[in-house]
Amino acid sequence: MDEVSIAVLAWLRRGSGTKGRKFLASDIAARAAAGLRTDSVSVSGALRALRADGLVSYTPDTMGMPYTGYLSVVPAVVEMPDTEKAWREALEHGMQDRQLADALAVSHALFDGLEALDMQHVIAGLLRIRDTSASLGSAYSFSVSAQHILSSSKVLSRLPLSTLRLLGIDRLPTTPRYLVVAGPAHPSAALFIENTTSFEEAVKAGMDAELALVAAYGYGLNMLSDSSAGLALLESVRSKGCEVLSRTGSGHSLERLFTLPSVYFWGDLDREGLRIAMALRQHLPQLALSALYQPMRAMARRRETSHPYLGLSGKALQAAWTPTGEDVLDQLALECATRAVDQEAVDVAQNLHLAGKGLLESWSARSGDL
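Residues numbered from 1 in each chain as written. Predicted model: local features only at pLDDT ≥ 70, side-chain atom pairs only at ≥ 80, totals over all residues. Heavy atoms only, no water.

### Section: the overall build of the protein
(1) Moving on: On a plain count of helices and strands, the protein comes out with 15 helices and eleven strands.
(2) Moving on: In terms of its C-alpha atoms, the protein occupies a principal-axis envelope of roughly 80 × 55 × 30 Å.
(3) Moving on: In the protein, which comprises 370 residues, the proportion classed as buried is 44%.
(4) Moving on: Long-range pairs, those at least 24 residues apart, make up 69% of the contacts in the protein between residues at least 6 apart in sequence.
(5) Moving on: Per element, the accessible surface of the protein, about 19500 Å² overall, is 53% carbon and sulfur.
(6) Moving on: Charge centroids of the protein, computed over 35 positive and 40 negative side chains, lie 3 Å from each other. (Helix = DSSP H or I, 4+ residues; strand = E, 2+ residues; numbered from the N terminus. Buried < 20%, exposed > 50% of the residue type's maximum accessible area, 1.4 Å probe, protein only. Contact = heavy atoms within 4.5 Å. Areas by Shrake-Rupley, 256 points an atom, 1.4 Å probe, with all protein chains shown as cover. Lys, Arg positive; Asp, Glu negative; His and termini not counted. Charge placed at Lys NZ, Arg CZ, Asp CG, Glu CD.)

### Focus on the sheet that holds strand S3 (residues 66–73)
(1) Moving on: Spatially, S1-S3-S2 is the arrangement adopted by the three strands of the open sheet, whose pairing is antiparallel. Strands with a single pairing partner mark the edges of an open sheet, and in this sheet they are strand S1 (23–24) and strand S2 (56–60).
(2) Moving on: Bridge analysis of S2 against S3 gives four bridges, and the strand direction is antiparallel. Residue pairing across strands places Thr 59 opposite Thr 68, the latter belonging to S3.
(3) Moving on: Set on the sheet, helix H3 (residues 40–52) makes contact with S2 and S3; between it and S2 the angle comes to about 110°. (Pairing = 2+ DSSP bridges. Axes fitted to C-alpha atoms, helices over the stretch in contact; angles between N-to-C directions.)

### Remarks on the nonpolar core
(1) Moving on: Ranked by size, the top nonpolar core spans 58 residues in total, and within it Phe 192, Met 207, Leu 213, Phe 265, Trp 266, Leu 289 and Tyr 293 carry the most contacts.
(2) Moving on: Residues Ala 105, Leu 126, Val 155 and Ile 169 belong to the second largest nonpolar core, which totals 25 residues. (Core = buried A, V, L, I, M, F, W, Y, C linked by side-chain atoms within 4.5 Å.)

### Regarding the pattern of salt bridges
(1) Moving on: All chains considered together, the criterion is met by eleven salt bridges.
(2) Moving on: A salt bridge links Glu 200 to Arg 247, with the shortest nitrogen-to-oxygen separation between them at 2.6 Å. With Glu 200 in helix H9 (residues 196–204) and Arg 247 in strand S7 (residues 243–248), the pair connects residues that are 47 residues apart, well separated along the chain.
(3) Moving on: Under the relative-accessibility criterion, Arg 247 is labelled partly exposed at 37%.
(4) Moving on: Arg 297 is the partner of Glu 335 in a salt bridge, and the nearest nitrogen-oxygen pair spans 2.7 Å. Remark: Arg 297 occurs in helix H13 (residues 293–300) and Glu 335 occurs in helix H14 (residues 327–335); sequence separation between them is 38 residues.
(5) Moving on: Where salt bridges share partners, they join Asp 97, Arg 130 and Asp 131 into one cluster. (Salt bridge = Lys/Arg side-chain N within 4 Å of Asp/Glu carboxyl O.)

### Observations regarding the confidence of the model for the protein
(1) Moving on: Confidence along the protein averages 86 in pLDDT terms, with 90% of residues attaining 70 or more.
(2) Moving on: Predicted confidence for residues 218–227 stays below pLDDT 50, and this span has 16 contacts to residues more than four positions away or in other chains. (pLDDT = per-residue confidence, 0-100.)

### Quick notes on the packing of aromatic side chains
Geometrically, a pair of aromatic rings is defined through the distance of the ring centres and the angle of the planes.
(1) Moving on: Enumeration according to the criterion identifies three aromatic pairs in this entry.
(2) Moving on: Their ring planes at 20° and their centres at 6.0 Å tell us that Trp 11 and Phe 23 sit as a pair that is stacked. Within this pair, whereas Trp 11 is found in helix H1 (residues 3–16), its partner Phe 23 is found in strand S1, the two being separated by twelve residues in sequence. Accessibility classification places Trp 11 together with Phe 23 in one group, the buried group.
(3) Moving on: Seen in terms of ring centroids, Phe 192 and Phe 258 are 6.3 Å apart; in terms of plane orientation they differ by 15°. Their pairing is stacked. Of this pair, Phe 192 sits in strand S5 (residues 189–193) while Phe 258 sits in helix H11 (residues 254–259); the two residues are 66 residues apart in sequence, bridging distant segments of the chain. (Phe/Tyr/Trp six-rings, centres within 6.5 Å; stacked < 30°, edge-to-face > 60°.)

### Quick look at the environment of Arg 247
(1) Moving on: Residues Arg 247 and Ser 262 lie 15 residues apart in sequence; the distance between their C-alpha atoms is 21 Å.
(2) Moving on: Dropping the residues within four chain positions of it, Arg 247 is found in contact with Val 180, Val 181, Ala 182, Phe 199, Glu 200 and Val 203.
(3) Moving on: A distance of 2.6 Å separates the side chain of Arg 247 from the side chain of Glu 200, its partner in a polar contact. (Polar contact = N/O pair within 3.5 Å; in protein donor to acceptor, adjacent residues only side chain to side chain.)

### Some details on the packing of helix H2 (residues 28–36) against H3
(1) Moving on: Contact geometry of H2 with H3 gives a least axis separation of 8 Å together with a crossing angle of 120°. Here H2 runs over H3; the crossing is right-handed. Within the contact between the two elements, H2 uses Ile 28, Ala 29, Ala 32 and Ala 33 and H3 uses Ser 40, Val 43, Ser 44 and Leu 47.
(2) Moving on: Considered class by class, the residues forming the contact of H2 with H3 number six nonpolar, two polar and no charged. (Left-handed = near helix turned anticlockwise from the far one by under 90°. Nonpolar A, V, L, I, M, F, W, Y, C, P; charged D, E, K, R; others polar.)

In structure tokens, the structure reads:
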């Protein structure tokens, strides 16, 4: 087989996938040529050769080329990995529920390196979980996993949601969620803060005298320095089933915090931070952006006080902003389209006057800024 035929066969197999999806025969040579960046004449010759060898099948025209119907390709023979064989055998002998067995079979890579006896114990544990799922109540899946599957807390969290549904535990929280609140029992407003460092700086500056400051530590006490802190805040608000830890003050109630007439969000001035704000709005309709974004807007305009979306800043994977139709969010997204500002750059003590205000109030004092 020549090089072009090998390349065309590989291209067809990549496109057909493991289930042997068929191709429309019309213009298949031109499409393959474009995909391989070669000429269609060479591809046409390769298709004829592959058909003669029985590697592809199609209805030919007078020139031996596909012209109607579909083209199918013989898939490559892929030997099943040892782990998959062992896992499928364990499921075959240890599980009568075929639907659950089929769902678990696709997760074979998760059990790579386990001995056959360990696999049997895993399957037995999964069946116990399924059979007792109705009585688990508000248990945490980390605990359920550790108690039934080789004393390992994270097995269940690595299974697909569709498999967890079959086990009856798709609604179990993974671990406890915590919101940390600082401020009086009856605050004038609430300020949700994306990053815990800025939360602590706000407490030190006395911003919690009248406001309720709220930060999330995610699953347990999350000290990661990436956007997981802000996402943890979103998950905690979304679930409304989190525990409240008081940093200052006491008697804080989630119900009161979530229903205060003035609720603000302050996070990084970057695409991800704005997406977190937008997602929070779905659960807290009264949420507005904090006026603490105002000094960050000025920083975003200067190279020495802003950073690009690169690996250096941990933001290389942040996707481009899609306009939402909300003027304030879209305007901020434009201002941080190429360069971002982390909220830790703000001197909180110098901006306490902005703490209890919304960004629109700050904008309204600056004609034409929006």
